[in-house]
Amino acid sequence: MPQVTSLKSKLALPVIGSPMFLVSNPSMVIAQCCAGIVGSFPALNARPQEEFEKWLNDIEAGLSRYRAEHPGEQPAPYAVNLIVHQTNERLQHDMDVCVRYRVPIVITSLHSPEHVVERVHGYGGLVLHDVTTMRHAKKAIAAGVDGLILVCAGAGGHAGALSPFALVNEVRAIYDGLLVLAGSITNGSAILAAQAMGCDLAYIGTRFIASDESGAVSAYKQMIVDTTAADVLYTPYFSGVSGNYLKPSIVAAGLDPDNLSGGGLDSMNIGKPKKWKDIWGSGQGVGNIDSVLPVKQIVARLREEYRQALRQLQALAQD
């Protein structure tokens, strides 16, 4: 796939900054792209829907400024995440805007991306699809996607339950396209490990929650710094789909993370937390995050860790 090869050649580090609901924003996307990784955001973060086009304008303008200020350099491409489930009333509108702006990469989630693939391929863009199981992977491959994002155990948000060692091997046995790995990747050695397993790129979200450009409130950013994997709870309680959440945020909302019962948010009293607003998501790699930093500095640290890990492996190979 020439387009996939071209994408990898445009990155300073083999990383996509994952789209995070209520966290990713134009400032973060611009900073990630200018640092040399794919920046992304969910279309649904731009509210009301008319804001979506404004966000794309802001991103395009920010990347244009970078090109003007850094002659000869090109920022990495950006991506938009579309929820293609039938309950997303904005899908047609947001898809039309993506086509009009020729968004370089569209990340699809929660349903077959077939119709999105047709429209994005029409202008030469790439479609990557989130999968958590082999069944999802096969459906996405049949739909003609350009790559799969394997959302494995330990990832933030609506994570799967499979070990990456299991899912990567099974998918690679039937698919030679672009693979992106998600799940507890917060440092450079984990990025290299993803490649060693057979993936092309790493998908990193939680590390960028604790960034200056993040749209997360300051208390959320600090909680990312203060917590570890033991503070992450995997539950379907809040949205009906299993996801990873920070226990301290559940406690702060007046709930007992060890005793969640009932029908989820629909059965909660008015005044209780709204989905994804007061209950904060996180991947299990949160214990490796010790500070809130600018995106540029986070990527620079990841690059140095990646290089150091590569040097260590090369030294082992020579023994």
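Here's a quick rundown of the structure. (Residues numbered from 1 in each chain as written. Predicted model: local features only at pLDDT ≥ 70, side-chain atom pairs only at ≥ 80, totals over all residues. Heavy atoms only, no water.)

Applying the stated criterion across every chain, the model contains 5 aromatic pairs. One aromatic cluster is present, formed by F41, F52 and W55 through successive ring pairs. (Phe/Tyr/Trp six-rings, centres within 6.5 Å; stacked < 30°, edge-to-face > 60°.)

With that settled, consider the nonpolar core. Counting 75 residues, the largest nonpolar core has V80, L148, L150 and F208 as its most contacted members. The residues contacting L148, other than those within four sequence positions of it, are H129, V131, A137, A140, I141, V171, Y175, L178, L179 and V180. Counting residues in hydrophobic clusters, the runner-up holds 20 residues, among them V4, L7, A79 and Y203. (Core = buried A, V, L, I, M, F, W, Y, C linked by side-chain atoms within 4.5 Å. Buried < 20%, exposed > 50% of the residue type's maximum accessible area, 1.4 Å probe, protein only. Contact = heavy atoms within 4.5 Å.)

Here helix α2 (residues 26-35) crosses helix α3 (residues 50-69) at 30 degrees, and the two axes come no closer than 9 Å. It follows from the interaxial angle that α2 and α3 lie roughly parallel. Here α2 and α3 pass one another in a crossing that is right-handed. Of α3, the residues touching α2 (which contributes P26, V29, I30, C33 and C34) are W55, D58, I59, G62, L63 and Y66. Here the contact of α2 with α3 is composed, by residue class, of 9 nonpolar, 1 polar and 1 charged. (Axes fitted to C-alpha atoms, helices over the stretch in contact; angles between N-to-C directions. Helix = DSSP H or I, 4+ residues; strand = E, 2+ residues; numbered from the N terminus. Parallel < 35°, antiparallel > 145°, perpendicular 65-115°, else oblique. Left-handed = near helix turned anticlockwise from the far one by under 90°. Nonpolar A, V, L, I, M, F, W, Y, C, P; charged D, E, K, R; others polar.)

Inspection of the entire model under this criterion finds 8 salt bridges. The partner of R100 in a salt bridge is E53, with the nearest N and O atoms 2.9 Å apart. Linking R100 in helix α4 (residues 91-101) with E53 in helix α3, this pair joins segments that are 47 residues apart in sequence. In this structure, the salt-bridge partner of R90 is D94, at a minimum N-O distance of 3.1 Å. Like D94, R90 is buried. Members of the salt-bridge network, linked through shared partners, are K8, R172 and D200. (Salt bridge = Lys/Arg side-chain N within 4 Å of Asp/Glu carboxyl O.)

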